[in-house]
Amino acid sequence: MRKPRDYDAELQALNDKAKQLRSRKQTQLGELVIATGADALGTEVLAGVLLAATGNDDPSRKEAWRKRGVAFFQGSTNARRSAGKDTSSTQAIDPGAQPSAGTPGTA
């Protein structure tokens, strides 16, 4: 005869794993904010920049951000040194600007 499955225990284990994954995600996002230097921004400014980035539908701007992010994660010294700063090829996000402005920026 087979041993009956303990569905409650399995469900609890899955819930614990999900909680652990959410906690790890939150920690990693905090580490990313610190690594990019964005922790120097005020909470309201950081929230505004993130909201502007998530609400942006301009593919060219998103591609510029993606390329800059790739350079950051590949360990480019210049990308890490200038994290969060304007460069000649990109401009910072203006949370009050319209997403269709067409100028590439950085989050």
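Here, every reference points to the structure presented above.
Here the structure is a predicted model, which is why all the values come from computation and not from measurement.

### Some details on the overall build of the chain
Line of reasoning, step 1. Scanning the chain from N- to C-terminus turns up four helices and two strands.
Line of reasoning, step 2. Within the chain, the proportion of its 107 residues that are buried is 19%.
Line of reasoning, step 3. Taking all contacts inside the chain whose residues are at least 6 apart in sequence as the whole, residues at least 24 apart take part in 53%.
Line of reasoning, step 4. When the accessible surface of the chain is totalled, it reaches about 8400 Å², and 56% of it is carbon and sulfur.

### Focus: a nonpolar patch on the surface
Line of reasoning, step 1. On the surface, a cluster of nonpolar side chains totalling about 300 Å² of accessible area is made up of Leu29, Leu32 and Phe73.
Line of reasoning, step 2. Tracing the backbone shows Leu29 in helix H1 (residues 7-36).

### Some details on the packing of aromatic side chains
Line of reasoning, step 1. Considering all chains together, one arrives at one aromatic pair under this definition.
Line of reasoning, step 2. Seen in terms of ring centroids, Phe72 and Phe73 are 5.4 Å apart; in terms of plane orientation they differ by 80°. Their pairing is edge-to-face.
Line of reasoning, step 3. Taking the relative accessible area as the measure of exposure, Phe72 reaches 8% and is therefore buried.
Line of reasoning, step 4. According to the relative accessible area criterion, Phe73 is exposed, its value standing at 59%.

### Describing the pattern of salt bridges
Two side chains with opposite charge may pair up if their charged atoms get near one another.
Line of reasoning, step 1. Applying the stated criterion across every chain, the model contains two salt bridges.
Line of reasoning, step 2. The salt bridge partner of Arg5 is Glu10, with a shortest N-O separation of 2.7 Å.
Line of reasoning, step 3. With a shortest N-O distance of 2.7 Å, Glu63 and Arg66 are connected by a salt bridge. Separated by three residues within a single helix, Glu63 and Arg66 lie in helix H3 (residues 59-73), roughly one turn from each other.

What counts and what doesn't
Residues numbered from 1 in each chain as written. Predicted model: local features only at pLDDT ≥ 70, side-chain atom pairs only at ≥ 80, totals over all residues. Heavy atoms only, no water. Helix = DSSP H or I, 4+ residues; strand = E, 2+ residues; numbered from the N terminus. Buried < 20%, exposed > 50% of the residue type's maximum accessible area, 1.4 Å probe, protein only. Contact = heavy atoms within 4.5 Å. Areas by Shrake-Rupley, 256 points an atom, 1.4 Å probe, with all protein chains shown as cover. Patch = residues over 30% accessible without salt bridge, like charges linked within 9 Å, V, L, I, M, F, W, Y side chains within 5 Å. Salt bridge = Lys/Arg side-chain N within 4 Å of Asp/Glu carboxyl O. Phe/Tyr/Trp six-rings, centres within 6.5 Å; stacked < 30°, edge-to-face > 60°.

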